[in-house]
Structure formats: structure tokens, C-alpha cells
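Working through the structure, step by step
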Amino acid sequence: KEYDGSELVTLKGSSLKGIVSNDDVRVDEQNARARFDLPGVVQDATVEVSDLALAGDDAGNYSLEPAASVAGCSIEPKGLSLDPSSLSKTYDKTTDAGLSEAVLAGVVDGDAVAVDVSKAKGSFDGSGASDDATATVEGLALSGEGKGNYSIPSPLTVNGCSIEPKELGLDPKSLSRAYDGSTGVDLSGAELTGVFDGDVVSVDVSKAEASFDGSGASDSATVTVGGLALSGASAGNYSIPDPLTVG
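Summary of the structure given here. All of these numbers come straight from a predicted model, not from anything done at the bench.

Some words on the pairing of strand E12 (residues 121-124)
- Alternating positions in E12 separate cleanly, Gly-122 and Phe-124 being buried on one face and Lys-121 and Ser-123 remaining unburied on the opposite face.
- As paired elements, E12 and strand E13 (residues 130-138) share 4 bridges and run antiparallel to each other. Residue pairing in the sheet places Ser-123 in a bridge with Thr-136 of E13.
- In this antiparallel pair of consecutive strands, E12 and E13, the connection spans 5 residues.

Spelled out as C-alpha cells, the structure:
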């Protein structure tokens, strides 16, 4: 079996030797008990089975010792992965996958095992924002007292990661104006902040409304803008709050 932190074995699909062809007889696995000596990974071990019985229409024609020792059994290391959420990031125009917060998935409760990313590299299958990105990670290792009971592939494929859209703002200077006795804001010259060089994205102010927090002259005024939208080929990689506070 695969390591699961227990020495117990669930019997399933047990086969019998010595059955006459076409006879209906099988092991009654429901009440049988089986166990290894220890719960850890092991090769060529013996499993002790008890409470064995036969079932089937022809079971009365056969006998089976109620206990048996089965040699040559093994507990294989459990394959681990990484939690997709621990690889997720905000859009940065690269395919790099940061591993500093990587968390193992599949560790049995109570086991001391951690992931060693010191020699690992990770990359996403694309650079754009996505809620179902795939990361490929190479060079992972395991550490900790329980590491011998586990394995981790290299390369490892992790599905279901997220590249979150990058949040943008507006340049305060592009909203500044001369005093006119009102709190109104002219958005016709509004400029985005936070866009990566080369990305095609602009702000759509056609349905937006904005106001200053006061009507007096000030060099530290705050503007609140609602109804902004983004446009352009790269717009899907970005977001803008609604309402947006510009201070």
C-alpha cells in the first residue's frame, strides 16, 4: 500500500490459490484484519492477517486458516504535491513562480515533513492573469523527520494556481486643477499608475464620477472616483477599485 501513517491494511481484491475452475468462492474481506509491524515505508515486509473466512456459493467445499502471514509486502512512499494557493501571485508580466511561501499538500496529520525550495525553480504556463494557471516546479526536496515516508516528483506540475490581476491607481497630478469653488473633478486627463512598460491598457472614464473631499485650495486633497473601467489588449491583467481613492 501507499504510506498513510497507519500500520493497518484494508483488504481489497484478495485472491485465493487452489480454487477449482468456475467455483464461486472468495475471501470474506469485510471482517478480516491485516497489519504491518510498523506504519513507515518498508520493502519486503510481512503482513499478519487474522479473522479470515470464505464467502461465495461454493465456500463450503473449501477451508481457510483464520490467520496467515503474507511475505513480500511493501509500504510505498506517499507522493506529495504543493498547495496551488501557496504559489499564487499578482500579475507581474513574467512567468516566474515564487516558491518562498510554498506549502506541501498531502502530508499525513502530525508528520514532520517540509519542502526544501533552496535549489528549486518554478514557472507558470503563461504570464497573464488567470484563476486556473499551471505551475511547473523542478528541484524540490523534502526535509524533516518524516521525509522518508514521502516523495515529491521533479518536475512537479501544480494545477489550479492563480495569477491575480494587478491593482492600478490614478496619478494624482492628472486630477489636479485650479481652484474653482467646487468639488468637481475633471477626469479627461486621468492617467493610470502601476502599468508595466509595454502593456496596452488605458482608463475608461466615460461612466465615471469623481469629487474632491473639499472645495478649497490644497496640496494634499483626496479624490474619490467611482465607475472607472479599463480597456486595451492588456486590460485583463489589471483591476481598478470602485470606488477608487486618490490621495
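Digging into the layout of surface pockets
- Here the largest pocket defines a volume of roughly 400 Å³.
- As for the largest pocket, its lining consists of 19 residues, and the residues nearest its centre are Leu-11, Ser-14, Ser-15, Val-49 and Val-70.
- Where the lining of the largest pocket is concerned, the elements lending two or more residues are strand E4 (42-50) and strand E6 (68-75).
- The biggest single contributor to the lining of the largest pocket is E6, with 5 residues.
- Classifying every residue of the lining of the largest pocket gives 13 nonpolar, 4 polar and 2 charged.
- Taken as a whole, the second largest pocket spans an internal volume of roughly 290 Å³.
- Around the second largest pocket, the lining is made up of 19 residues, and of these Ser-176, Arg-177, Phe-212, Ser-218 and Ala-221 lie nearest the centre.
- Classifying every residue of the lining of the second largest pocket by side-chain character gives 9 nonpolar, 8 polar and 2 charged.

Comments concerning the packing of aromatic side chains
- Applying the stated criterion across every chain yields a total of 3 aromatic pairs.
- Ring centres of Tyr-91 and Tyr-238 lie 5.4 Å apart, and the angle between their planes is 80°; this geometry places the pair in the edge-to-face category. With a gap of 147 residues between them, Tyr-91 in the loop between strand E9 (89-90) and strand E10 (104-105) and Tyr-238 in strand E24 (residues 238-239) connect regions that are remote in the sequence.
- Exposure remark for Tyr-91: the relative accessible area of 3% places this residue in the buried category.

So, the pattern of salt bridges
- On inspection of all chains with the given rule, the structure shows 7 salt bridges.
- Salt-bridge contacts for Asp-24 lead to Arg-26; the nearest nitrogen and oxygen are separated by 3.5 Å.
- Here Asp-24 falls in the partly exposed class, since its relative accessible area comes to 30%.
- The closest approach of N and O atoms between Asp-199 and Lys-93, which form a salt bridge, is 3.5 Å. Taken together, the residues Asp-199 in the loop between strand E19 (192-193) and strand E20 (202-204) and Lys-93 in the loop between E9 and E10 connect sequence positions 106 residues apart.

Considering the sheet that holds strand E22 (residues 223-226)
- Overall, antiparallel pairing links the 3 strands, which are arranged E21-E22-E25 in an open sheet. Two strands bound the open sheet, and with one partner strand each, they are strand E21 (209-212) and strand E25 (244-246). Recorded for the sheet is a direction-independent mean angle of 20° between the axes of neighbouring strands.

Calculation rules
Residues numbered from 1 in each chain as written. Predicted model: local features only at pLDDT ≥ 70, side-chain atom pairs only at ≥ 80, totals over all residues. Heavy atoms only, no water. Buried < 20%, exposed > 50% of the residue type's maximum accessible area, 1.4 Å probe, protein only. Helix = DSSP H or I, 4+ residues; strand = E, 2+ residues; numbered from the N terminus. Pairing = 2+ DSSP bridges. 1 Å grid on protein atoms, 1.4 Å probe; cavity = no way out; pocket = protein on both sides within 12 Å on 5 of 7 lines; lining within 4 Å. Points joined across faces, edges and corners; volume = space filled by probe spheres on them. Nonpolar A, V, L, I, M, F, W, Y, C, P; charged D, E, K, R; others polar. Phe/Tyr/Trp six-rings, centres within 6.5 Å; stacked < 30°, edge-to-face > 60°. Salt bridge = Lys/Arg side-chain N within 4 Å of Asp/Glu carboxyl O. Axes fitted to C-alpha atoms, helices over the stretch in contact; angles between N-to-C directions.

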